Amino acid sequence: MWRRGGDTEQEPMEDIREQLDAAVIDVRAGNREAFRRVVDLCHVKVRVILAAMLPDHSTVDDVAQEVFLTVFSKLEEYQPGTDFQAWLATITRFYARNERRKWLRSRNTQQELSEIIEGMMEPHMSRLADSANEQVLESIRGCIGKLEELAGRVVRAFYLEDESGRTIAQAHGRPEGWVRLTLHRARLAIARCLEREG
């Protein structure tokens, strides 16, 4: 529905808040195209929250699209002058938790151990998602840079360049399962890196 542009340079938080409020007001006034600015400013935060909370990373793009569709439909509920990104994060976490529940219900008994591990990880990943501000995003980028070269390429392609798991797998001549495993291991490595950095 909306295509985001390239990554924007890091901007002061107050400027971002003002830009988001201005975009919301424009959308409410009938300028639907102004919502592109909302997506441009918030897509990284949404993807970070979803990546932290969703066990199946192949669903990140679809769930992010659902989040932005919901945000667009509920813009009248947002109060300009408060905190749009916090409001957006609440909606994003709601969708992430619902998607996690669907995933857990769909697993068979052979996946029971994985479900237990995911359940143990959720509180930690939720705390990380809750604190996904610009400083945390910068730390995540730094931790991505410390990954092995191939893992770093896969992470950047999937999370920052919006490439699908299938596209990444084809580019490396590997099955999609390899991409999911690489992303899972990379996520754990990034979480450990963030813990070390405090």
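Rules of the game
- Residues numbered from 1 in each chain as written.
- Predicted model: local features only at pLDDT ≥ 70, side-chain atom pairs only at ≥ 80, totals over all residues.
- Heavy atoms only, no water.
- Disulfide = S-S within 2.5 Å.
- Helix = DSSP H or I, 4+ residues; strand = E, 2+ residues; numbered from the N terminus.
- Buried < 20%, exposed > 50% of the residue type's maximum accessible area, 1.4 Å probe, protein only.
- Salt bridge = Lys/Arg side-chain N within 4 Å of Asp/Glu carboxyl O.
- pLDDT = per-residue confidence, 0-100.
- Contact = heavy atoms within 4.5 Å.
- Core = buried A, V, L, I, M, F, W, Y, C linked by side-chain atoms within 4.5 Å.
- Phe/Tyr/Trp six-rings, centres within 6.5 Å; stacked < 30°, edge-to-face > 60°.
- Axes fitted to C-alpha atoms, helices over the stretch in contact; angles between N-to-C directions.
- Parallel < 35°, antiparallel > 145°, perpendicular 65-115°, else oblique.
- Left-handed = near helix turned anticlockwise from the far one by under 90°.
- Nonpolar A, V, L, I, M, F, W, Y, C, P; charged D, E, K, R; others polar.
- Expected span 1.5 Å × (residues − 1).
- Lys, Arg positive; Asp, Glu negative; His and termini not counted.

1. Re the state of the cysteines
Using the criterion set out here, one finds one disulfide in the structure. A disulfide bridge connects Cys143 with Cys193, and the sulfur atoms are separated by 2.1 Å. Taking the torsion about the S-S bond as the criterion, the Cys143 to Cys193 disulfide, at about -80 degrees, is left-handed. In this pair, Cys143 is assigned in helix α6 (residues 134-145) and Cys193 in helix α9 (residues 176-197), connecting sequence segments 50 residues apart. Classification of Cys143 as buried rests on a relative accessible area of 2%. Cys193 gets classed as buried once you look at its relative accessible area, which sits at 5%.

2. Brief notes about the pattern of salt bridges
The tally for this structure, following the rule as stated, stands at seven salt bridges. The shortest N-O distance in the salt bridge between Glu176 and Arg166 comes to 3.5 Å. Note that Glu176 is positioned in helix α9 and Arg166 in helix α8 (residues 165-172), a separation of 10 residues in sequence. Accessibility expressed as a relative area gives 54% for Arg166, which makes it exposed.

3. Some thoughts on the confidence of the model for the protein
Of the residues in the protein, 75% reach a pLDDT of 70 or more, and the chain-wide mean stands at 79. When pLDDT is averaged over each element of the protein, helix α3 (residues 60-73) comes out on top at 92 and helix α5 (residues 112-130) at the bottom at 55. Considering only residues more than four positions removed or in separate chains, one finds that residues 1-10, a stretch of pLDDT under 50, has 23 contacts.

4. Section: the nonpolar core
Inside soluble globular proteins, nonpolar side chains tend to come together where they are buried. One finds Phe35, Cys42, Leu50, Val67, Val71, Leu75 and Phe84 to be the most contacted residues of the largest nonpolar core, which totals 55 residues. Going through the elements one at a time, α1 (13-28), α2 (35-53), α3, α4 (84-106), α6, α7 (149-160), α8 and α9 are the ones with two or more residues in this core. Sort the elements by how many residues they give to this core and α2 lands first, with 13 residues.

5. A short note on the packing of aromatic side chains
The tally for this structure, following the rule as stated, stands at six aromatic pairs. On the basis of an interplanar angle of 90 degrees and a centroid distance of 5.8 Å, the ring pair of Phe94 and Tyr95 is categorised as edge-to-face. Given the relative accessible area of 48%, Phe94 is considered partly exposed. These aromatic residues form a ring-pair network of at least three members: Phe35, Phe68 and Phe72.

6. Side note on the packing of α2 against α3
Packing of α2 against α3 leaves a shortest axis separation of 10 Å and a crossing angle of 135 degrees. Relative to α3, α2 is oriented oblique. When you trace α2 past α3, the crossing you get is right-handed. Residues Phe35, Val39, Cys42, His43, Val46, Arg47, Leu50 and Ala51 of α2 touch α3, and the partners they reach there are Val60, Asp61, Val63, Ala64, Val67, Phe68, Val71 and Phe72. Its residues assigned to classes, the contact of α2 with α3 comprises 13 nonpolar, one polar and two charged.

7. As for α7
For α7, which comprises 12 residues, the first-to-last C-alpha distance of 15 Å matches the rise-based estimate of 16 Å (1.5 Å per residue) to within 8%. Within α7 the residues assigned to the buried category are Ala151, Gly152, Val154, Val155, Ala157, Phe158 and Tyr159. In the segment just after α7, Asp162 is the residue with positive phi, at about 60 degrees.

8. Observations concerning the environment of Glu76
By the element assignment, Glu76 lies in the loop between α3 and α4. The exposed category is assigned to Glu76, whose relative accessible area is 57%. The spatial distance from the C-alpha of Glu76 to the C-alpha of Val24 is 8.8 Å, given a sequence separation of 52 residues.

9. Things to note about the side chain of Asp21
Of note, Asp21 is situated in helix α1. Buried and unpaired, Asp21 has no salt bridge, with Arg17 as the nearest side chain of opposite charge at 8.0 Å. Apart from the residues within four sequence positions on either side, Asp21 is in contact with Tyr78, Pro80, Gly81 and Phe84.

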